[in-house]
Amino acid sequence: TNETIKSHQSTMDCKDATVNLVSKEGDTYEVSMSIAKMSELVKTMMDEDGDEDIAEIPLPNVNANVLAKVIEFCTHHRQEPMNDIEKPLKSAVMSEVVQKWYADFVNVEQVLLFELILAANYMDIKPLLDLSCATVASMIKGKTPEEIRQTFNISNDFSPEEEAQVREENKWCEEA
């Protein structure tokens with residue numbers, strides 16, 4: 001019966017218990033508590049209500065394909081924690097900054113990378129936020145302003161005079 005299952009779950013070791021994370025579209029992902037609690041947002045929601053009471057946690061700011069990637073990251077992170085990312089970045093090549101799996105994980109289209117940043121920030125998952133932001137930083141590292149504009153498809157809204165003035169005012173940055 002349902003009561004038997006409920007009482008069995010509350011006596012189970014917390015690591016075996018699961019919670020359903022629900023995406024913006026309403027897709028449900030059953031995840032172990034230990035993985036779900038990598039998100040400080042989820043952890044706080046569960047701690048406020050008591051673990052046994054929560055069957056599902058809605059994440060209205062995270063769409064399904066991004067939530068699936070977040071869960072993939074958290075699951076892997078439990079098995080092989082990511083190396084700390086040195087700041088400033090020692091290399092623009094992510095596989096020289098973190099383990100290969102993590103470098104491959106963020107080798108995605110820009111749109112998905114930025115959605116991962118937003119999801120990691122919203123769900124408060126520091127290692128994922130660090131990794132995704134470091135990846136964007138690696139895309140900027142060592143590039144000229146024009147190359148950065150091309151990488152991120154940014155239009156230059158400075159007139160040539162304004163750009164010359166900004167370069168003059170910030171000359172000291174390039175000398176370092």
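Here, every reference points to the structure presented above.
Residues numbered from 1 in each chain as written. Predicted model: local features only at pLDDT ≥ 70, side-chain atom pairs only at ≥ 80, totals over all residues. Heavy atoms only, no water.

Caption draft 1: The sheet that holds strand β3 (residues 56-58), seen in detail. In space, the three strands of this open sheet follow the order β2-β1-β3, with mixed pairing throughout. Sheet topology places β2 (28-32) and β3 at the edges, where each strand pairs with a single neighbour. Mean inter-strand twist for the sheet, computed between neighbouring axes without regard to direction, equals 30°. On the sheet, helix α4 (residues 64-79) packs against β1 (18-22) and β2 and is oriented at approximately 10° with respect to β2. (Pairing = 2+ DSSP bridges. Helix = DSSP H or I, 4+ residues; strand = E, 2+ residues; numbered from the N terminus. Axes fitted to C-alpha atoms, helices over the stretch in contact; angles between N-to-C directions. Contact = heavy atoms within 4.5 Å.)

Caption draft 2: Molecular detail of the pattern of salt bridges. Under the defined criterion, the tally for this structure stands at eight salt bridges. Between K37 and D47 there is a salt bridge, and its shortest N-O distance comes to 3.8 Å. With K37 in the loop between α2 (33-36) and α3 (40-49) and D47 in helix α3, this pair connects stretches of sequence that are 10 residues apart. The exposure class of D47 is partly exposed, given its relative accessible area of 46%. When the shortest N-O distance is used, the salt bridge between E168 and K171 registers 3.3 Å. (Salt bridge = Lys/Arg side-chain N within 4 Å of Asp/Glu carboxyl O. Buried < 20%, exposed > 50% of the residue type's maximum accessible area, 1.4 Å probe, protein only.)

Caption draft 3: Region of interest: the nonpolar core. The biggest cluster of nonpolar side chains holds 43 residues, and the ones touching the most others in it are L21, V70, F73, I85, V98, M123 and L131. Those elements giving two or more residues to this core turn out to be β1, α2, α3, α4, α5 (100-105), α6 (110-123) and α7 (126-140). If one sorts the elements of this core by residue count, α6 sits on top with seven residues. With sequence-adjacent residues up to four places away left out, L131 is seen in contact with F73, M82, I85, M94, V98, Y102, F105 and V106. (Core = buried A, V, L, I, M, F, W, Y, C linked by side-chain atoms within 4.5 Å.)

Caption draft 4: Quick peek at the packing of α4 against α7. Remark: α4 packs on α7, axes separated minimally by 10 Å, with the N-to-C direction vectors making an angle of 110°. Taken together, the axis directions place α4 and α7 in an arrangement best described as roughly perpendicular. Handedness of the α4/α7 crossing: right-handed. Contact with α4, carried on its side by V70, F73 and H77, involves P127, L128 and L131 of α7 and no other residues of that element. Per-class residue counts for the contact of α4 with α7 are five nonpolar, one polar and no charged. (Parallel < 35°, antiparallel > 145°, perpendicular 65-115°, else oblique. Left-handed = near helix turned anticlockwise from the far one by under 90°. Nonpolar A, V, L, I, M, F, W, Y, C, P; charged D, E, K, R; others polar.)

Caption draft 5: Highlighting the environment of N63. Considering the arrangement of structural elements, one finds N63 in the loop between β3 and α4. Take N63: its relative accessible area is 17%, and that puts it in the buried class. Considered as a pair, N63 and K24 are 39 residues apart in the sequence and their alpha carbons are 4.9 Å apart. The residues touching N63, leaving out its near neighbours within four places in the chain, are S23, K24, E25 and E115.

Caption draft 6: Up close: α6. The terminal C-alpha atoms of α6 lie 20 Å apart, and with 14 residues this matches the ideal 20 Å at 1.5 Å per residue to within 8%. The complete set of buried residues in α6 reads L112, L113, L116, I117, A119, A120 and M123. (Expected span 1.5 Å × (residues − 1).)

Caption draft 7: Region of interest: α7. Taking 1.5 Å as the rise per residue, α7 with 15 residues should run 21 Å; its terminal C-alpha atoms sit 21 Å apart, in good agreement. Where α7 is buried, its residues touch α4, α5, α6 and α8 (145-152). One or two positions beyond α7, positive phi appears at G142, with a value near 75°.

Interpretation in functional terms is not warranted from these geometric data alone.
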